[in-house]
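Chains, contacts and geometry: an overview
As a plain string of letters, each chain reads:
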Amino acid sequence: RGTVSRVDTSSGQITPLGSTPGVLERSESGLMGMTFHPDFPAIPLVYFVHSYDRGGGIIRNRLGRMGYDGNTLHSQEVLLDDIPGNLNHNGSRLVVGPDRMLYFSTGDSQAPNLAVELPSLAGKILRVDLDGKVPTTNPFGTEIFSFGHRNPQGLVFHPQTGELFSTEHGPSDNDEVNRIVRGRNHGWP
C-alpha cells in the first residue's frame, strides 16, 4: 500500500519506486495526492498526502515528502500531521501554485460542521510553503486558505490568470467547480 511506480508511456513498462510508509488504504482513504517540487529534478523531492491509522481505528491524513535518487523514494519527512480523516470525504488533491506554495484540499471527513470550524483542518483548502510552514500571507495565520468545502478532489491553477479552481463532490448530485478565494467560506454545509 502506498506504492509509487514510474510508467514508461512508450513501452508500458512499470517500475516500482518504493512506498510511502504508513499509508492506510480503506474505502476512499489511502495515498490520495502527489506532486513534485517545482524545481524537480534539480531538487528531487516528491510530496504526498495520505491517510494513516492514528491508533484505535482513528483515521487521519498527513502531508509529507520523500527524496528521489533516480531509482527509489527514500527518507519520508512529515510536514503536516493529524488532519481529520475518515473512510470517506478526505479530499486531498495536491498542487504547487505559481507562488511556489503547496495547496491541498481536505474533505469534511464525514463531519460537515468541521468544514466551517476554523480550528479544524477538515473541509478546507490548505496552503503551506515547500517546507510545510505557514505563509505569513495566509488569511487566518494557520494553514487554512479557504473553508466550507465538502470533499474537494481536484485542484488546478488557470494557466493565464493564476486563479485556483477546485472540483468538489456534492451530496449525491450538485457537484461543484469553485474559483477558490483566499479566506472565503465556500458554502458547505
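The present account deals with the structure reproduced in this document. Please read these numbers as outputs of a predicted model, since none were measured by experiment.

Cut-off values and rules
In this numbering scheme, every chain counts its residues from 1 along its sequence in written order. For this predicted model, a pLDDT threshold of at least 70 governs which residues receive local features, and a threshold of 80 or more governs which side-chain atom pairs are given and counted, while totals over whole chains, interfaces and linings are taken from all residues. Note that the side-chain values use all heavy atoms of the structure and ignore hydrogens as well as water. For two strands to be treated as a pair, DSSP must find at least two bridges joining them. Each helix is a run of DSSP H or I of at least 4 residues and each strand a run of E of at least 2, with the numbering of both proceeding from the N terminus. Here, axes are lines fitted to C-alpha atoms. For helices the fit covers the stretch in contact, and angles between N-to-C directions go from 0 to 180 degrees. Definition of a polar contact: a pair of N or O atoms within 3.5 Å, with one able to donate and the other able to accept a hydrogen when the atoms are protein atoms, and with sequence-neighbouring residues admitted only if both atoms are side-chain atoms. Throughout, a residue-residue contact means that at least one pair of heavy atoms, one from each residue, lies within 4.5 Å.

Pairing of strand 11 (residues 152-157) with strand 12 (residues 164-168), which is carried by five bridges, proceeds in the antiparallel orientation. Each residue of the ladder has a partner; that of Gly154, found in strand 12, is Thr167. Taken together, strand 11 and the strand that follows it, strand 12, pair antiparallel across an intervening segment of six residues, in which Gly162 is found at a positive phi of about 80°.

What follows covers the sheet that holds strand 8 (residues 102-106). The strand order across the open sheet formed by four strands is 7-8-9-10, and the pairing between neighbours is antiparallel. In the strand order of this sheet, the two ends are held by strand 7 (91-96) and strand 10 (144-147), each with one partner. When strand polarity is set aside, the average angle formed by the axes of neighbouring strands in this sheet is 15°. Bridge analysis of strand 8 against strand 9 (residues 124-128) gives four bridges, and the strand direction is antiparallel. By the bridge assignment for strand 9, Phe104 is matched with Leu126.

Our focus in this paragraph is the side chain of Arg62. Note that Arg62 resides in strand 5 (residues 58-68). One polar contact links Arg62 to Asp81, side chain to side chain, over a distance of 3.2 Å.

Right, let's talk about the sheet that holds strand 3 (residues 31-36) for a bit. Taken together, the four strands give an open sheet; going across it, the order is 3-4-5-6, and neighbouring strands pair in antiparallel fashion. Single-partner strands in this sheet number two, and they are strand 3 and strand 6 (73-84). Put simply, the sheet's adjacent strands are angled 25° from each other on average, direction ignored.

For the rest of this paragraph, the subject is the environment of His74. In this structure, His74 sits in strand 6. Not counting chain neighbours up to four residues away, the residues in contact with His74 comprise Met66, Gly67, Tyr68 and Asp69. Among the polar contacts made by the side chain of His74, one reaches the side chain of Ser75 at a distance of 2.9 Å.

Here Phe40 and Pro41 are connected by a cis peptide whose omega angle stands at 5°. Tracing the chain through its elements places Pro41 in the loop between strand 3 and strand 4 (45-55). Following Trp188, the chain continues into Pro189 via a peptide bond in cis, with omega recorded as -5°. Here Pro189 lies in the segment after strand 13 (176-179). Phi at Ser27 takes a positive value of approximately 55°, unusual for a residue other than glycine. You can see Ser27 is positioned in the loop between strand 2 (14-19) and strand 3.

Worth remembering: the numbers are spatial, not functional.
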